Amino acid sequence: MNLFTLPSLLLGFSFFSLFINNGVVFVDALHKIYPELQSLQTDGAVIKPLHRTRFHFQPRRHWINDPNGPMLFKGIYHLFYQYNPKGAVWGNIVWAHSISRDLINWKPLKPALYPSKPFDINGCWSGSATILPGNKPVILYTGIDPQNRQVQNYAVPANLSDPYLTEWIKPDDNPIVDPDSGVNASAFRDPTTAWLSDNGHWKTIIGSKRKKRGMAYLYRSRDFVKWTKAKHPLHSAPNTGMWECPDFYPVPLSGRRGLDPSVTGNWVKHVLKVSLDLTRYEYYTVGKYYPEKDRYVPDNTSADGWSGLRYDYGNFYASKSFYDSMKKRRVLWGWANESDSAQDDVSKGWAGIQLIPRRIWLDPNRRQLLQWPVEELNKLRGKEVVLRHQKLLKGHHVEVKGITAAQADVEVVFSFSSLDKAEPFDPSWVDAQAVCDQLGSKAQGGVGPFGLLTLASENLEEFTPVFFRIFKSHHKHVVLLCSDARSSSLKEDGLYKPSFAGFVDINLSSKKLPLRTLIDHSVVESFGGGGKTCITSRVYPTKAVFGDAHLHVFNNGTEAITVDYLRAWSMRSARVN
Ligand code: DQQ
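Quick caveat, the model's predicted, so the values are computed rather than measured.

A short note on the pairing of strand β38 (residues 533-538)
Then, in step 1: In terms of burial, β38 is a largely internal element, six of the six residues being buried.
Then, in step 2: Across the two faces of β38 the burial is the same, with Thr533, Ile535 and Ser537 and Cys534, Thr536 and Arg538 all buried.
Then, in step 3: Across six bridges, the pairing between strand β37 (residues 523-528) and β38 is antiparallel. Residue pairing for β38: Val523 is matched across the bridge by Arg538.
Then, in step 4: Adjacent in sequence and paired antiparallel, β37 and β38 are bridged by four residues, among which Gly529 carries a positive phi angle near 65 degrees.

Some details on the side chain of Gln58
Then, in step 1: Structurally, the position occupied by Gln58 is in the loop between β3 (32-33) and β4 (62-73).
Then, in step 2: Separated by 3.0 Å, the side chains of Gln58 and Thr53 make a polar contact.
Then, in step 3: Once residues within four sequence positions are removed from consideration, Gln58 is found in contact with Arg52, Thr53, Trp350, Gly352, Ile353, Val576 and Asn577.

Observations concerning the sheet that holds strand β6 (residues 94-100)
Then, in step 1: Here five strands make up an open sheet; going across it, the order is β7-β6-β5-β4-β24 and the pairing mixed. The outermost strands of the open sheet, each flanked by one partner alone, are β7 (107-113) and β24 (350-351).
Then, in step 2: Bridge count for β6 against β7 is four bridges, and the pairing is antiparallel. Following the sheet pairing, Trp95 is matched in β7 by Leu113.

Re the sheet that holds strand β10 (residues 150-157)
Then, in step 1: Taken in spatial order, the four strands of this open sheet run β8-β9-β10-β11, and their pairing is antiparallel. Two strands close off the open sheet at either side, each with one partner strand: β8 (124-132) and β11 (168-169).
Then, in step 2: Looking at chain direction, β8 and strand β9 (residues 136-144) are connected through seven bridges and run antiparallel. Residue pairing across strands places Ala129 opposite Ile139, the latter belonging to β9.

Thoughts on the site of the ligand
Then, in step 1: Residues in close proximity to the ligand total 14 residues, the closest being His31, Asp66, Gln82, Arg189 and Asp190.
Then, in step 2: In the model, an oxygen atom of the ligand is placed 2.7 Å from a nitrogen or oxygen of the Arg189 side chain.
Then, in step 3: For the ligand, an oxygen atom lies 2.6 Å from a polar atom in the side chain of Asp190.
Then, in step 4: Surface burial for the ligand is 100%, taken as the share of its 310 Å² of free accessible area covered by protein chains.
Then, in step 5: Counting only elements with at least two residues in the shell around the ligand, the list comes to β4, β8 and β22 (317-324).
Then, in step 6: In terms of residue class, the shell around the ligand is built from five nonpolar, four polar and five charged.

Brief notes about helix α2 (residues 432-439)
Then, in step 1: For α2, the complete set of buried residues consists of Ala432, Val435, Cys436 and Leu439. Along the axis of α2, the buried residues cluster in a sector spanning 95 degrees; they form a single face.
Then, in step 2: For α2, the side-chain oxygen to backbone nitrogen distance between the N-cap and Gln433 is 3.0 Å, and the N-cap itself is Asp431.

Focus: the domain arrangement of the protein chain
Then, in step 1: Looking at the assigned domains, one finds that the protein chain contains domain 1 (64-373) and domain 2 (382-571).
Then, in step 2: Between domain 1 and domain 2, the C-alpha centre-to-centre distance is 32 Å.
Then, in step 3: In this assembly, 28 residues from domain 1 lie in contact with 26 residues from domain 2.
Then, in step 4: Buried surface at the junction of domain 1 and domain 2, both sides included, amounts to about 2,100 Å², of which 51% is carbon and sulfur.
Then, in step 5: Considering only the side of domain 1, the residues that lose the most area to domain 2 are Tyr313, Ser339 and Trp372, jointly responsible for 30% of the buried surface there.
Then, in step 6: On inspection of domain 1 and its partner domain 2, the count reaches five salt bridges.
Then, in step 7: Close ionic contact of Lys491 with Asp344 constitutes a salt bridge, the shortest N to O distance being 3.2 Å.
Then, in step 8: It is strand β27 (residues 369-373) that provides the largest number of residues to the side of domain 1 that touches domain 2, a total of five residues.

Cut-offs applied
- Residues numbered from 1 in each chain as written.
- Predicted model: local features only at pLDDT ≥ 70, side-chain atom pairs only at ≥ 80, totals over all residues.
- Heavy atoms only, no water.
- Buried < 20%, exposed > 50% of the residue type's maximum accessible area, 1.4 Å probe, protein only.
- Helix = DSSP H or I, 4+ residues; strand = E, 2+ residues; numbered from the N terminus.
- Pairing = 2+ DSSP bridges.
- Polar contact = N/O pair within 3.5 Å; in protein donor to acceptor, adjacent residues only side chain to side chain.
- Contact = heavy atoms within 4.5 Å.
- Near = heavy atom within 4 Å.
- Areas by Shrake-Rupley, 256 points an atom, 1.4 Å probe, with all protein chains shown as cover.
- Nonpolar A, V, L, I, M, F, W, Y, C, P; charged D, E, K, R; others polar.
- Arc of directions from axis to C-beta.
- Domains from an automatic or database assignment.
- Buried area = accessible area lost by both parts, 1.4 Å probe.
- Salt bridge = Lys/Arg side-chain N within 4 Å of Asp/Glu carboxyl O.

Here it is as structure tokens:
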């Protein structure tokens, strides 16, 4: 049986759940739907440049969400993404398609997949790409069928000699997986990149839920067309709700190298990431995959639930990674939604960005991943300013002058001579965001708060601080990293301004803490502790815009802090779509 000969599977039947709250419609707790705003063609309208990003990925206009099927094919990177071609709110979803040679500059192509067949007539939702032997890419994606059931489909390139993969074919034997009687047809989506096991079976997982239990259903296939559900899910976890956009891949125990998804062995661990629809946050675990049993077991150092590890403790969702065989690395894409209102988005004419792709690998401590912007981003670095050995006493802040502070890349290493002044850590502080909310950047601490004031207006009416604060616990120190949007804008209406935060699992024996922050008009994307803890905030300053934005380093702790060195670059704009 080849990819084109399997007859259509029988269709089952179930309903898509829609409910209405304050005039806003939700699809089974998925994206908010604004029916009246969904199809406002604004092609001729002016797209508001204020707050548009200049080196993050955005289409020219309209709504985007999840990155889909990232891959490398014949030296060209492909990124597909969920896109509404008719407006700046979610709806009418197609797979938009862009290509790049460096992951930073992108050229748009026409949409690769759009609703056209019974098996996806109500939407082409998220999915992944798998490169089959012979360098043949295949897309697995979720289609919404006429009964609004979520079914799984495949698509293949029309012409493998076209490196741009412009045309895609959706064979008529789709869907290749439809929800069986035990599966909730409105919660069954987002197939992963498939991996190949030694016995010649392809495997993929599909996100779902059973009652409140998050599920990663496992399917096997010999030919990539006829898929059979395994008796057991690859993994599941109680009380986590719908698992969207699962991702599952191996990482070597040491080194920064990425691996093909089919690699197994004692020298690798596996990572399972899920996007939790209930919280709109993701978590991941590091663990062991048993290919014979097709079970994944998280390590006991990885919490398997709400309190688990996150790629990013801020605005980062529906992420997807891929193996870049050219540079032997694993690259992660995440989507950042807007934090303004749907009405703001309609008047801007655009909504949503993809964050800078990140290289990911296992931390030498083997408990978590490390993440770092792909090296290609450095090509956009322009004018540089450097600070060295700058002492910051309590209450001091120093402006970093001479760069475009609204569009910048900043790398800084802070050091301190002693941790004696670290404040006691309250063991009830399990929620980093609540701690950041309570303590903030302005009130005095012991060791910290110290860090960067990004997107600051001249008189500091607006600023987004990204900062550390160090506490003393029983046997160790606890490091908190915050990216606090509460003072980011004088505008109040319709803005979500959370004090995002995460703890940083770092050894402080060197008495140094590194931080890298990418600032791009309405996004502040930070990598604390060398990529151990990452936080993204979306912010909408009214004064700290373009040439009126400023950057400072600050310390509000009683312990003096030294900026060992700081390098900040004006960033050039990327050619994005
Ligand atoms: N977005 C897609 C779904 C996915 C969700 C629909 C995650 O496939 O579960 O646009 O943001």
